[in-house]
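# A closer look at the structure
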Number of protein chains: 2
Amino acid sequence: MTTRILNDVNIVAVGDLVEAIQEESEKAQTVWRSSVEWKGGFRSVATVRDFAPVQSDEPFGLGGDDTAANPVEQLLSALGNCLAVGYAANATVLGIELRDVKIDLEGSLDLHTFLGLNAEGNAGFESIRVAVSLDSDAPREQLEALHQAVVGTSPVGHTVSRPVPVAVELA
Amino acid sequence: MTTRILNDVNIVAVGDLVEAIQEESEKAQTVWRSSVEWKGGFRSVATVRDFAPVQSDEPFGLGGDDTAANPVEQLLSALGNCLAVGYAANATVLGIELRDVKIDLEGSLDLHTFLGLNAEGNAGFESIRVAVSLDSDAPREQLEALHQAVVGTSPVGHTVSRPVPVAVELA
């Protein structure tokens, strides 16, 4: 049996994971990691598992050298990539063939707090807007059901839209 | 006058931005963007401004091809990179010389909701833990003051630790 019948998704691997978790609930508990090293100025690199380090920087106007996307842009990318996985996974489960998925994200951010001009303010995104284009022959109501399933189960979506305890400790 | 007196940070550019915002508060209102395109399976690429697209994938066990860090790892990287900028910026303002900054991040996530096994649950990180190592000759109390300033003003830190409205619209 082939493992990829639709959308090039390895749905057998997903099914095996679901089965393993149904047999042993603890297998759903996962821990994810990243290591960041500062490189001078506002440049840094983040390393995940054995993948090549990914660069980070800030635009010139913010004091950086503009060599890479900055951290808030990276967060938007993470959200978009997470939604892409969600559309691919849920479409495959629902039997929907996708030809293309495009996701445009934008977020509004007030720099006052980051720059120390408003001590008690919100340094983060005030709101994030995401526009999704799905290219598929499936009926509109199926695509809307798919969309609802994805938005309701997105790990990065939930991390951003809900308050997550972040404990930052100085060694 | 040199623009980089400490930590290779272009503190003059940061000062110019602060001054511009103090003169015209609206200049603090920024919008950041990313565009994501699905590439089949659980692979996608995110493009920010004119930078090269950055790949995303999922591990084999989750049904991916394991060609890149996954979206929740990317979110941790974004958080670490954001904190690195914060340490560099605030240390420079405080006159602290940093030799090195290392930031290790980990987050716990229960896969039940993402996999559709717990419809009303939290698909996102339950908690995130960050360990920061600062290599500097500055006294401990200065480094702790720096640390507090960074944690209190981190754009990605606040985005993750506070609830942010995320509106995802299907075109």
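In case you missed it, the structure is sitting above this.
Summary of the structure given here. Each chain carries its own residue numbering, running from 1 in the written order of its sequence. Labels follow written order: the first chain is A, the first ligand is 1, and so on. The model is predicted, so local features are restricted to residues of pLDDT at least 70 and side-chain atom pairs to those at 80 or more, both for listing and for counting; the totals for chains, interfaces and linings are taken over all residues. Side-chain measures were taken over the full set of non-hydrogen atoms in the model, leaving aside hydrogen atoms and water.

So, on to the overall build of chain A. Each helix corresponds to a stretch of at least 4 residues labelled H or I by DSSP, and each strand to a stretch of at least 2 residues labelled E; elements are numbered beginning at the N terminus. Broken down by element type, chain A carries four helices and six strands. Reading chain A from its N end, one meets helices and strands in the order α-β-β-β-α-β-β-α-α-β. Overall, the C-alpha framework of chain A stretches about 55 × 35 × 30 Å when taken along its three principal axes. Buried residues in chain A amount to 56% of all 171 residues. Contact definition: two residues touch when any of their heavy atoms are within 4.5 Å. For chain A, contacts bridging at least 24 residues in sequence account for 45% of all contacts bridging at least 6. Residue burial considers only the protein chains on display, and all accessible areas are found by Shrake-Rupley using a 1.4 Å probe. As displayed, chain A offers around 7300 Å² of accessible surface, 51% of which is attributable to carbon and sulfur atoms. This count recognises Lys and Arg as positive and Asp and Glu as negative, with His and chain-terminal groups excluded. Charge placement uses NZ in Lys and CZ in Arg. For Asp and Glu, CG and CD serve respectively. Taken as two groups, the 11 positive and 25 negative side-chain charges of chain A have centres that lie 3 Å from each other. Working definition: with a 1.4 Å probe on protein chains only, accessible area under 20% of the residue-type maximum means buried, over 50% means exposed, and in between means partly exposed.

This part takes up the sheet that holds strand β6 (residues 166-170) of chain A. At least two DSSP bridges between two strands are required for those strands to pair. Reading across the sheet, the six strands line up as β3(A)-β2(A)-β1(A)-β4(B)-β5(B)-β6(A) and stay open at both edges, with mixed pairing between neighbours. The sheet is open, and its two edges are formed by β3 (54-56) and β6 of chain A, each paired on a single side. Sheet twist, expressed as the average angle between the axes of neighbouring strands with direction ignored, equals 20°. The pairing of strand β1 (residues 29-38) of chain A with strand β4 (residues 100-110) of chain B spans nine bridges and is classified as antiparallel. The residue of β4 of chain B that forms the bridge with E37 of chain A is K102 of chain B. Angles here are taken between N-to-C directions and fall from 0 to 180 degrees, while the axes themselves are lines fitted to C-alpha atoms, restricted in helices to the stretch in contact. Against the sheet, helix α2 (residues 71-94) of chain B contacts β1, β2 (44-47), β3 and β6 of chain A together with β4 and β5 (125-135) of chain B, and its axis sits at roughly 35° relative to β1 of chain A.

Turning next to the nonpolar core. Only buried Ala, Val, Leu, Ile, Met, Phe, Trp, Tyr and Cys residues count toward a nonpolar core, and they belong to the same one when joined by side-chain atoms within 4.5 Å. One finds Y87 and I103 of chain A together with Y87 and I103 of chain B to be the most contacted residues of the largest nonpolar core, which totals 97 residues. Those residues in contact with I103 of chain B, other than ones at most four positions away along the chain, are S34, S35 and V36 of chain A together with G80, L83, A84, Y87, V130, A131 and V132 of chain B.

Here we come to the environment of L105 of chain A. In this fold, L105 of chain A is placed in strand β4 (residues 100-110). L105 of chain A gets classed as buried once you look at its relative accessible area, which sits at 2%. As for L105 of chain A and F125 of chain A, which are separated by 20 residues in sequence, their C-alpha atoms are 12 Å apart. With sequence-adjacent residues up to four places away left out, L105 of chain A is seen in contact with L76, L79, G80, R129 and V130 of chain A together with W32, R33, S34 and V36 of chain B.

This part is about the pattern of salt bridges. Any carboxyl oxygen of Asp or Glu that lies within 4 Å of a side-chain nitrogen of Lys or Arg is treated as forming a salt bridge with it. One pass over the structure, following the stated rule, counts 24 salt bridges over all chains. With its nearest N and O atoms 3.1 Å apart, the salt bridge here joins E106 of chain B to R33 of chain A. Placement of E106 of chain B in strand β4 and of R33 of chain A in strand β1 is noted, with the two residues assigned to different chains. Between E144 of chain A and R140 of chain A there is a salt bridge, and its shortest N-O distance comes to 2.7 Å. On the criterion of helical spacing, the pair formed by E144 of chain A and R140 of chain A is a turn pair, its members being four residues apart in helix α3 (residues 140-152). It is possible to trace a salt-bridge network through shared partners that takes in R4 and D8 of chain A together with R43 and D65 of chain B.

Before going further, it helps to spend a moment on the interface of chain B and chain A. On the side of chain A, 121 residues touch chain B, which itself brings 121 residues to the contact. By definition, the buried area sums, over both parts, the 1.4 Å-probe accessible area that each loses when the two are put together. For the chain B and chain A pair, buried surface summed over both sides reaches about 10500 Å², with 61% attributable to carbon and sulfur atoms. On the chain B side of the interface with chain A, the three residues burying the most area are W32, W38 and L170 of chain B, jointly 9% of the side's total. One can count ten salt bridges joining chain B with chain A. Identification of polar contacts relies on pairs of N or O atoms within 3.5 Å, with a donor-acceptor requirement for protein atoms, meaning one able to donate a hydrogen and the other able to accept it, and with residues adjacent in sequence counted only if both atoms are side-chain atoms. Linking chain B with chain A are 58 residue pairs in polar contact (both at pLDDT 80 or more), by the criterion used here. Of all the elements, α2 of chain B adds the most residues to the side of chain B that touches chain A, at 18 residues. Partitioned by chemical class, the residues of the side of chain B that touches chain A number 63 nonpolar, 36 polar and 22 charged. Pairing of strand β5 (residues 125-135) of chain A with strand β6 (residues 166-170) of chain B, which is carried by five bridges, proceeds in the parallel orientation. By the bridge assignment, I128 of chain A is partnered in β6 of chain B with V166 of chain B. For this classification, Asp, Glu, Lys and Arg are treated as charged, while Ala, Val, Leu, Ile, Met, Phe, Trp, Tyr, Cys and Pro are nonpolar and the rest, including Gly, are polar.

Here the focus is the packing of helix α2 (residues 71-94) of chain A against α2 of chain B. Where α2 of chain A contacts α2 of chain B, the axes come no closer than 8 Å and their chain directions differ by 175°. Here α2 of chain A lies roughly antiparallel to α2 of chain B, going by the angle between them. Residue-level inspection shows P71, Q74, L75, S77, A78, N81, C82 and V85 of chain A of α2 of chain A in contact with α2 of chain B, the latter providing P71, Q74, L75, S77, A78, N81, C82 and V85 of chain B. When the residues that make up the contact of α2 of chain A with α2 of chain B are grouped by side-chain class, the tally is ten nonpolar, six polar and no charged. For classification purposes, an angle smaller than 35 degrees is called roughly parallel, one larger than 145 roughly antiparallel, one from 65 to 115 roughly perpendicular, and anything else oblique.

Strand order in the open sheet formed by six strands is β3(B)-β2(B)-β1(B)-β4(A)-β5(A)-β6(B), and the pairing between neighbours is mixed. The open sheet has two edge strands with one neighbour each: β3 (54-56) and β6 of chain B. This sheet shows a mean twist of 20° between the axes of neighbouring strands, independent of strand direction. Alignment of β4 of chain A against β5 of chain A, held across ten bridges, turns out to be antiparallel. The residue of β5 of chain A that forms the bridge with V101 of chain A is L134 of chain A. This element, α3 of chain A, spans β5 of chain A together with β6 of chain B of the sheet and lies at about 160° to β6 of chain B.

C-alpha atoms of residues with pLDDT of at least 70 in both copies form the basis for the least-squares superposition of the copies. Mapping chain B onto chain A leaves a residual RMSD of 0.0 Å; the transformation is a rotation of 180° accompanied by 0.0 Å of translation along its axis. The relationship between the two copies is best expressed as a two-fold rotation axis. Interface residue correspondence from chain B to chain A reaches 100%, placing this contact among same-surface, isologous pairings.

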